[in-house]
Amino acid sequence: MPEHQHIAHHHFARLFVFMIGAIITAVLAATLVIDRKQPAAEQSANCTPLSLAESVARADLILTGKVFLVVPAEPGYATVLITPQHFYKGTLPALGVRIRALATTEGENIPADDLHFASNQPPYLLFLEQDADGVYRTSKCMGSRLLGSGLTAEEQALLGQ
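Being a predicted model, the structure only gives us computed values, none of them experimental.

Trainee: What's the story with the pattern of salt bridges in this structure? I'm lost.
Mentor: Close approach of charged atoms lets side chains of opposite charge pair. On inspection of all chains with the given rule, the structure shows four salt bridges. A salt bridge links Arg58 to Glu129; the shortest N-O distance between them is 2.7 Å. One end of the pair, Arg58, is in helix 2 (residues 52–58); the other, Glu129, is in strand 6 (residues 124–130), and 71 residues separate them in sequence. On the accessibility criterion, Arg58 (26% relative accessible area) is partly exposed. Ionic pairing is found between Asp131 and Arg137, a salt bridge with its closest N-O pair at 3.0 Å. For Arg137, a relative accessible area of 18% corresponds to the buried category.

Encoded structure:
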């Protein structure tokens, strides 16, 4: 095989491997839900949502932000990196806001109380609890949600807006 054909073949193979990796990452990013490792009181399939006051008191960090990047982690999990927009409680961690999420496939039944993360979404309102490794966890039961049209009047009153 002539040298220029060998080089072109090598570049094509590298591009193919890169594209496969990008597709796998995109699939993971589009199908993430929050890790369900929560305190025993919240481990039921349908947890009871906390009141807003309880969510504010319990959270280590409260913010609005957008999904910046989803990075595959250990098997079955991914790390969701958040670009903060506004802080209501806590301080920005030195390594940024990382949320541990459970990666799922489309065929699985995803409980209604799990929070789905995807890029190209409106900002999220996040009530986050930090684990010993500095990674955050949350759920709809904690009050986290897509921000949509903004904070509710109750959220504005309790969060100081």
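Trainee: Just to check I follow, could you spell out the environment of Leu92 for this structure?
Mentor: Relative to the assigned elements, Leu92 resides in the loop between strand 3 (77–89) and strand 4 (97–103). C-alpha separation for the pair Leu92 and Leu61, spaced 31 residues apart in sequence, amounts to 8.3 Å. Discounting chain neighbours no more than four positions away, the residues touching Leu92 are Pro84, Phe87 and Val97.

Trainee: Help me understand the side chain of Arg100 in this model?
Mentor: Within the secondary structure, Arg100 sits in strand 4. One polar contact links Arg100 to Glu74, side chain to side chain, over a distance of 2.8 Å.

Trainee: Help me understand the side chain of Arg137 in this model?
Mentor: Here Arg137 shows up in strand 7 (residues 136–137). Here the side chain of Arg137 touches Asp131 through a polar contact of 3.0 Å, side chain to side chain.

Calculation rules
- Residues numbered from 1 in each chain as written.
- Predicted model: local features only at pLDDT ≥ 70, side-chain atom pairs only at ≥ 80, totals over all residues.
- Heavy atoms only, no water.
- Salt bridge = Lys/Arg side-chain N within 4 Å of Asp/Glu carboxyl O.
- Helix = DSSP H or I, 4+ residues; strand = E, 2+ residues; numbered from the N terminus.
- Buried < 20%, exposed > 50% of the residue type's maximum accessible area, 1.4 Å probe, protein only.
- Contact = heavy atoms within 4.5 Å.
- Polar contact = N/O pair within 3.5 Å; in protein donor to acceptor, adjacent residues only side chain to side chain.

On their own, these measurements won't tell you what the molecule is for.
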